[in-house]
Amino acid sequence: MIDPNQIDDYFYGNKSLADSAKDNELDHRSHLIHHIKLILPSLAAVLLGLLIFIPHLEQAKDAVHIDITLPKKGELEKLHMEKTNFYITDSNNKVNNFTADNIDETSPGSKIIKLTNPAGIIPTAKGPWYNIEAPVGYYDQNQETLRLEQNVDVIYSDGMMGHTESLTYNFKTQVATSTTPTHADGTLGSLDSEGFEFYNDQNLIIFTGKTHITIDENNLKE
C-alpha cells in the first residue's frame, strides 16, 4: 500500500531528513575548504617573513652582546652604597654621625671603606663639637680609624675654622693627628703650623712644628 506522505513529498518537492543531513555536511566541508584556502597563503607569508627577519635578529643579538661590559671578578662581592648616612661609636659610646656620596670597599673582605665626599660631626667630651669634611676618606674597620685626604676642612663649634691636607682620627684613642701644613682662623686671629694633634677627651689642640700666630690688634688690647 502506498504511503500518502510519500506521495505528498513527491509532488511538493520535499526532501527526506537523511538527504538534508547529507546536504548540511557537504556545506560544512565546502566552508572548511574555503577557509583553509584563505589561511594557507597568509601562513606562508608569515613564515617567509620570519625567515627573512631571523638572521637580522641574530646579528642584533650578537652586536648587543659585544657592547655589554661584564663586572670583573670580585666586584660583586664588594660593598657599595650611595647617598648614605653611617654612624661610628667611639670608646666612650659617643655616636659620630657621617654622610658620604659613595661608600665602596677597597677590596672584598678588606674592611677598608673608601668614602666619597665624607662629612660628619665629632662631639667632644665637654660639649663642643667639630665638623669635618673632605673630598676623599678611608675608614678602617679593624683599626677604627678615619683618614681624610685632599683639602680637609674642620669647623669648631666655638668659631674656629681650620684647613689641612690630611688628618687621621682614631675612634679608640679619640685622638686626631695631622702632619701636613695647617691653617686656622679663630676669634683671636689666625695661625699656621706644620701639623696638629687633637685630644678629644681633653678638648685640647696642640699645633706642632713651626707655628706662626697672628693676633688681631684689638683682641690683643682686650
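Residues numbered from 1 in each chain as written. Predicted model: local features only at pLDDT ≥ 70, side-chain atom pairs only at ≥ 80, totals over all residues. Heavy atoms only, no water.

1. So, the confidence of the model for the protein
Mean pLDDT for the protein: 75, with 63% of residues reaching 70 or above. Confidence drops under a pLDDT of 50 for residues 1–18, and excluding neighbours within four residues, the segment shows 3 contacts in the predicted structure. Contacts of residues 57–71 to residues separated by more than four positions or lying in other chains number 1 contact, the stretch itself having pLDDT below 50. (pLDDT = per-residue confidence, 0-100. Contact = heavy atoms within 4.5 Å.)

2. Some thoughts on the packing of aromatic side chains
In the structure shown here, the tally under the stated rule is 5 aromatic pairs. Aromatic pair Tyr169 and Phe171: ring centres 4.9 Å apart, planes at 80°, arrangement edge-to-face. Under the relative-accessibility criterion, Tyr169 is labelled buried at 1%. Taken together, the ring pairs connect Phe98, Tyr139, Tyr169 and Phe171 into an aromatic cluster. (Phe/Tyr/Trp six-rings, centres within 6.5 Å; stacked < 30°, edge-to-face > 60°. Buried < 20%, exposed > 50% of the residue type's maximum accessible area, 1.4 Å probe, protein only.)

3. Section: the environment of Asn131
In this structure Asn131 comes out as buried when scored by relative accessible area, which is 19%. With 25 residues separating them along the chain, Asn131 and Tyr156 place their C-alpha atoms 6.5 Å apart.

4. Remarks on the pattern of salt bridges
Scanning all chains against the criterion turns up 2 salt bridges. One salt bridge connects Lys83 with Asp101, and the closest N-O pair in it is separated by 3.4 Å. Separated by 18 residues along the polypeptide, Lys83 in strand 1 (residues 80–89) and Asp101 in strand 2 (residues 95–105) bring together distant segments of the chain. With its nearest N and O atoms 2.7 Å apart, the salt bridge here joins Arg147 to Glu149. Of the residues examined, Glu149 reaches a relative accessible area of 23% and is grouped as partly exposed. (Salt bridge = Lys/Arg side-chain N within 4 Å of Asp/Glu carboxyl O. Helix = DSSP H or I, 4+ residues; strand = E, 2+ residues; numbered from the N terminus.)

5. Points about the pairing of strand 5 (residues 129–133)
Bridge count for strand 4 (residues 119–123) against strand 5 is 5 bridges, and the pairing is antiparallel. Looking at the pairing, Ala119 lines up with Glu133 of strand 5. Where strand 4 folds back onto strand 5 in an antiparallel hairpin, the turn is made up of 5 residues, including Gly127, whose phi is positive at roughly 120°. Sheet topology note: the strand 5/strand 7 (residues 145–156) ladder contains 4 bridges and is antiparallel. Bridging from a neighbouring strand, Asn131 pairs with Ile155 of strand 7. (Pairing = 2+ DSSP bridges.)

6. Here we look at the environment of Val152
Within the secondary structure, Val152 sits in strand 7. Residue Val152 is classed as buried on the basis of its relative accessible area of 0%. Residues Val152 and Ile132 lie 20 residues apart in sequence; the distance between their C-alpha atoms is 7.1 Å. The residues touching Val152, leaving out its near neighbours within four places in the chain, are Glu133, Ala134, Gly162, His163, Thr164, Glu165, Ser166 and Leu167.

7. Some points on the side chain of Thr180
Relative to the helices and strands, Thr180 is located in the loop between strand 9 (175–178) and strand 10 (182–185). Since its relative accessible area comes to 15%, Thr180 is described here as buried. Engagement of the side chain of Thr180 in a polar contact is seen with the backbone nitrogen of Ser166, the distance being 3.3 Å. Looking at Thr180, its side chain comes within polar contact range of the side chain of Ser178, at 3.1 Å. Not counting the four nearest positions on each side in its chain, Thr180 is found in contact with Thr164, Glu165, Ser166, Glu194 and Gly195. (Polar contact = N/O pair within 3.5 Å; in protein donor to acceptor, adjacent residues only side chain to side chain.)

8. Here's the deal with the nonpolar core
If you look at the biggest cluster of nonpolar residues, it comprises 23 residues, and the most contacted ones within it are Phe86, Phe98, Leu115, Ile132, Leu146 and Phe171. Only strand 1, strand 2, strand 3 (112–116), strand 5, strand 7, strand 8 (161–170) and strand 12 (195–199) provide two or more residues apiece to this core. By residue number, the principal contributor to this core is strand 7, which donates 5 residues. Here Leu115 is in contact with Phe86, Ala100, Asn102, Ile103, Pro135, Val136, Gly137 and Leu146, once residues within four sequence places are set aside. (Core = buried A, V, L, I, M, F, W, Y, C linked by side-chain atoms within 4.5 Å.)

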